[in-house]
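Chain by chain, the residues:
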Amino acid sequence: MQLSALPSAGPAIRPSTLPILDQRLRGTKFVSLAPRSILNSPQATGMDFWSINPYVGCEFGCTYCYARYAHRYVVERAHDAGRLSDAELREFRGAHGWEAFEQRIFVKEHVLGALDADLRRYFRSQGPSVRPPAPIVIGTATDPYQPAERRFQVTRAILERLARYEGLSIGIITKSPLVTRDLDVLRRLAARSDLEVYVSLITVDARLIRKMEVRSPLPAVRLRALARLTAAGVNAGLIVAPVLPGVTDDLPHLEALFSAARAAGARFVHAGPLRLYAGIRDRFLPVIETHFPELAARYARAYARNASAPREYAQALERRVQRLQAKFGLPVNSGMEDRYRTTRAAPQADLGL
Ligand code: SF4
C-alpha cells in the first residue's frame, strides 16, 4: 500500500555477514537483519505517526510500490559496510534496480529487545500531556503479512509484545489474509489499546489486480479476510491506496469497492491518489504504457514535476470518496484518510487528470 511520505530509510546493519535464512524455488531469498531499532519516529519518516515495518522488501511486488527506495538504501549500506561484494550488490539490486525488492527480502529478526527500548523512547516522547498517544502503524512501507511472515512470524511477535502495553493506538495495513491467523493476538491488543486493521485493496477486478500487483492475494480473498476480522469484532476496514487516475477512479470502480467493503462489514473505507516517486517511475510507467497506452501521456504530464497527483485531481477524488462514504453510511473523513486531506472545492463529474 501507499501512504503519504517516503518510508524510513531502514535500519542500520550490524557488521557481520548477511545470513540467508531460506530460499524459495521461485528465486526469493530471505536475509537476516538485526536492527538496533524497529520503531520509526515521525521525524525519521516524514509521516505523522510512528511506524514499524518487520520486513524490508515485499514479494507481493505491486508495480506502484514506493518502498523499493528503502530496500535499495539497505542494500547499498550493506555494500558500503563491506558486507556485500560488488557481485552481490548487483544480485541484490537486480538488472533494473527494482527487482530485488521482490526477491531479496530482509527479515528483521530478534527485534523484541529493540522494540522495548524503542517503546521507552516513544513513551518519553509522548509525555504526560499527550493523550491519546501518537499512533503506531505497522506496514507503512512493506506488508507485515507478506509470505515471509508465514514462516518467520516477526509481525506476530511484535503484536504479542505490543499487547502487553495499555493505551496504545495501533494501525495495521495489509493485503494478506494471513492477518486472520493472529485474531487471538488482535483481540488481546484491542482489549487494552485502540486497534484499526486496514485491508488494502485498489479494485475488485481480479484481472486488473494482476496487471498492477504481481503476487498479491486476489480481491475476493482479501474481502473474505476483512469479513472474518469484522465478524470477530476487530475494528477493520478498507484502504484504497493508491487510486490510479483514469484506471480505478471512476464511480463504478469505487462504488464496487465500497459495496464489497460494506458487505464485508467494513467500519471505514479510506482512499488516496497515486504518488509517483522518482524511484518507481521506471517500474510503474511502463505498466501504464503496456496496459493503458491511451493514458501514458497524461500520466507523464500529470506527474512531470511532482510525485503527488495534481492538486485539483486530489481534491476531486477526495470529494468523490466523501460522497461514497456518506452514501454507504461510513465515517466521512476520519482516521487515516486525513493524510490525504486537501482544502479546496472540487469539480464533481470529471476528476480531470
Ligand atoms: S503489498 Fe504493499 S509493500 Fe508489498 S509490494 Fe504491494 S504496496 Fe509494496
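Up top is the structure.
Residues numbered from 1 in each chain as written. Predicted model: local features only at pLDDT ≥ 70, side-chain atom pairs only at ≥ 80, totals over all residues. Heavy atoms only, no water.

A word on unusual backbone geometry
- Cis rather than trans, the peptide bond between Ala 241 and Pro 242 has omega equal to 5°.
- Mapped onto the elements, Pro 242 comes out in strand S10 (residues 236-243).
- At His 110, a residue that is not glycine, the phi angle is positive and equals roughly 50°.
- Following the sequence through the fold, His 110 ends up in the loop between strand S6 (104-108) and helix H5 (112-126).
- Positive phi values are uncommon outside glycine, yet Gln 153 reaches one of about 55°.
- Its location among the elements puts Gln 153 in the loop between helix H6 (147-152) and helix H7 (154-162). (Helix = DSSP H or I, 4+ residues; strand = E, 2+ residues; numbered from the N terminus.)

Thoughts on helix H10 (residues 219-231)
- Spanning 13 residues, H10 covers 18 Å between terminal C-alpha atoms, matching the ideal 18 Å at 1.5 Å per step.
- Looking at H10, one finds that the buried residues are Pro 219, Arg 222, Leu 223, Ala 225, Leu 226, Leu 229 and Thr 230. Taken down its axis, H10 places every buried residue within 155° of arc, on the same side. Opposite its buried face, H10 presents the exposed residues Arg 224 and Ala 231, each directed more than 90 degrees away.
- Looking at the buried residues of H10, the elements they touch are helix H8 (183-192), strand S9 (194-200), helix H9 (206-212), S10 and helix H11 (251-263).
- Looking one or two residues beyond H10, the residue adopting positive phi is Gly 233, at roughly 90°. (Expected span 1.5 Å × (residues − 1). Buried < 20%, exposed > 50% of the residue type's maximum accessible area, 1.4 Å probe, protein only. Arc of directions from axis to C-beta. Contact = heavy atoms within 4.5 Å.)

Focus on the sheet that holds S9
- Spatially, seven strands are ordered S3-S4-S7-S8-S9-S10-S11 in an open sheet, and the strand pairing comes out mixed. Strands at the two margins of the open sheet, each flanked by one partner only, are strand S3 (39-40) and strand S11 (269-273).
- In the sheet, strand S4 (residues 50-52) pairs with strand S7 (residues 136-138) via three bridges, with the strands oriented parallel. Looking at S7, one finds that Trp 50 is bridged to Ile 136.
- Running over the sheet, H11 touches S10 and S11 and is turned about 165° from S10. (Pairing = 2+ DSSP bridges. Axes fitted to C-alpha atoms, helices over the stretch in contact; angles between N-to-C directions.)

As for the sheet that holds S6
- Strand order in this open sheet of four strands is S1-S2-S6-S5, and the pairing throughout is mixed. Lying at the two open borders of the sheet, with one neighbouring strand each, are strand S1 (20-23) and strand S5 (55-56).
- Pairing analysis gives two bridges linking S5 to S6, with the strands arranged antiparallel. Note on S6: the bridge partner recorded for Tyr 55 is Val 107.
- The strands touched by helix H2 (residues 68-80) are S5 and S6; relative to S6, the strand with the most contacts, the crossing angle is about 80°.

Geometric descriptors of this kind do not, in isolation, establish any biological role.
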